[in-house]
Amino acid sequence: MGREFLDLFETWAQSYDESVHGHDEQYRDVFAEYDAILNTVVEKSGNVVLEFGVGTGNLTQKLLRSGKTVYGIEPSEPMRQKAFEKLGDTVTIQDGDFLSFPLPNEPIDTIVSTYAFHHLTDEEKEQAISQYGKMLNKGGKIVFADTAFVDREAFEQMVIEAKEKGFHDLAEDLKREYYPTLPVLESMFTKHGFSVSFVPMNRFVWLMEATKQ
Ligand SMILES: C[S@@+](CC[C@H](N)C(=O)[O-])C[C@H]1O[C@@H](n2cnc3c(N)ncnc32)[C@H](O)[C@@H]1O
């Protein structure tokens, strides 16, 4: 569920790694400090990790290189193909999404995702957090990095700024997908038994670290 944006990745899969490294002017600020953001998610993760929205496998690769066991979930076939080209058979990446996915065959201590949680509506985000709250033991973590805004005004301001710069694809993307505000996310995490902190990583992306109480 929450798969309505998969068509975008049919074509974007081929050039995605160029976008994250600043080749697309409209998304340069979104992907600013991309590698540092992924490295921070790795630092915050435990040893057995479930990753949603693997994409071309950049975070997966960093998690594996730091010795973690990773169970990857990715709904887009072209993205899974790109990830396999990068990672070979060193990892399990299965078809699934944030809400419907094959369960790993061992307990996991961390659920991670970068640049993907905004594909879910706020209602779906809460369903996912509720589900993860039941899967994780006390001390288990959700570590996400994704675009979010301090409030609706900050969101509207970013749309205006994108339009003023002529970044119409970015402005459309901001309006089409489901970028949340921090207070909404905070209330979802706390309602489902997590303590949560938010740290800004660039002008768009926040690191969300939620620990099961
Ligand atoms: C912008 S890419 C991010 C890829 C990678 N995590 C990264 O940080 O570079 C978003 C990814 O989320 C995937 N995606 C889209 N809808 C999803 C869903 N409902 N559940 C899980 N992943 C989804 C897309 O196929 C795509 O691979």
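Residues numbered from 1 in each chain as written. Predicted model: local features only at pLDDT ≥ 70, side-chain atom pairs only at ≥ 80, totals over all residues.

1. Comments concerning the UniProt feature "binding site: S-adenosyl-L-methionine" (unreviewed entry) in the chain
Under the convention used in this document: UniProt positions are given in the numbering used here, feature names are shortened, and annotations may be inferred rather than shown by experiment. In this description a helix means any DSSP run of H or I spanning at least four residues, a strand means any run of E spanning at least two, and both kinds are numbered starting from the N terminus. Any residue pair is listed as a contact if its two C-beta atoms, each placed from the backbone, are within 7 Å. Partly exposed residues are those whose C-beta has more than 12 but fewer than 20 other C-beta atoms within 10 Å; 20 or more makes a residue buried and 12 or fewer makes it exposed, with C-beta atoms placed from the backbone.
The UniProt record annotates "binding site: S-adenosyl-L-methionine" (unreviewed entry) at Gly53, Glu74 and Asp97. Considering the C-alpha atoms alone, the annotated residues occupy 45 residues of sequence yet fold into one spot, their largest mutual distance being 7.2 Å. Inspection of the secondary structure assignment puts Glu74 in the loop between strand 2 (69–73) and helix 4 (77–87). When neighbours within four sequence positions are excluded, Glu74 is seen to be in contact with Gly53, Val54, Gly55, Met79, Arg80, Ala83 and Ile93. Within the secondary structure, Asp97 is located in the loop between strand 3 (92–94) and strand 4 (110–114). Take Asp97: there are 21 C-beta atoms within 10 Å of it, and that puts it in the buried class.

2. Focus on helix 1 (residues 6–20)
Side chains of residues three or four places apart in an α-helix project in the same direction, reflecting 3.6 residues per turn. Keep this limit in mind: Helices are assigned an expected span. That span is 1.5 Å times one less than the residue count. Here the bend at a residue is taken as the angle between two axes, fitted respectively to the seven residues that end there and the seven that start there.
For helix 1, built from 15 residues, the straight-helix expectation of 21 Å at 1.5 Å per residue is missed by more than 12%, its first-to-last C-alpha distance being only 18 Å. In the structure, helix 1 departs most strongly from a straight axis at Ala13, where the bend amounts to approximately 70 degrees.

3. Digging into the nonpolar core
The cut-off we apply is this: Each nonpolar core comprises buried Ala, Val, Leu, Ile, Met, Phe, Trp, Tyr and Cys residues, the members being joined through C-beta atoms within 7 Å.
One finds Val41, Val112, Ile142 and Phe144 to be the most contacted residues of the largest nonpolar core, which totals 45 residues. Contacts of Ile142, omitting those with residues within four sequence positions, involve Ile111, Tyr132, Phe194 and Ala210.

4. Regarding the site of the ligand
How we decide: For each residue, a C-beta atom is positioned from the backbone; the residue is called near a molecule or strand if that atom sits within 6 Å of it. In this classification, Asp, Glu, Lys and Arg are treated as charged, Ala, Val, Leu, Ile, Met, Phe, Trp, Tyr, Cys and Pro as nonpolar, and every other residue, Gly included, as polar.
Around the ligand sit 22 residues, and of these Gly2, Gly53, Gly55, Asp97 and Thr114 come closest. Counting only elements with at least two residues in the shell around the ligand, the list comes to helix 1 and helix 3 (58–65). Ranked by the residues each element gives to the shell around the ligand, the list is headed by helix 1, at three residues. Residue composition of the shell around the ligand, grouped by class: twelve nonpolar, seven polar and three charged.

5. A few points about the sheet that holds strand 3
Test applied: By definition, two strands form a pair when at least two bridges between them are found by DSSP. Under this scheme, a helix contributes an axis fitted over its contacting stretch, all axes are lines through C-alpha atoms, and angles between N-to-C directions fall in the 0 to 180 degree range.
Strand order in the open sheet formed by seven strands is 3-2-1-4-5-7-6, and the pairing between neighbours is mixed. Looking along the sheet, the strands with just one partner apiece sit at the ends: strand 3 and strand 6 (194–200). Strand-to-strand twist of the sheet, defined as the mean angle between neighbouring strand axes without regard to direction, takes the value 20 degrees. One ladder, built from seven bridges, connects strand 5 (residues 141–147) with strand 7 (residues 205–212); its direction is antiparallel. Within strand 7, the position partnered with Lys141 by the bridge is Thr211.

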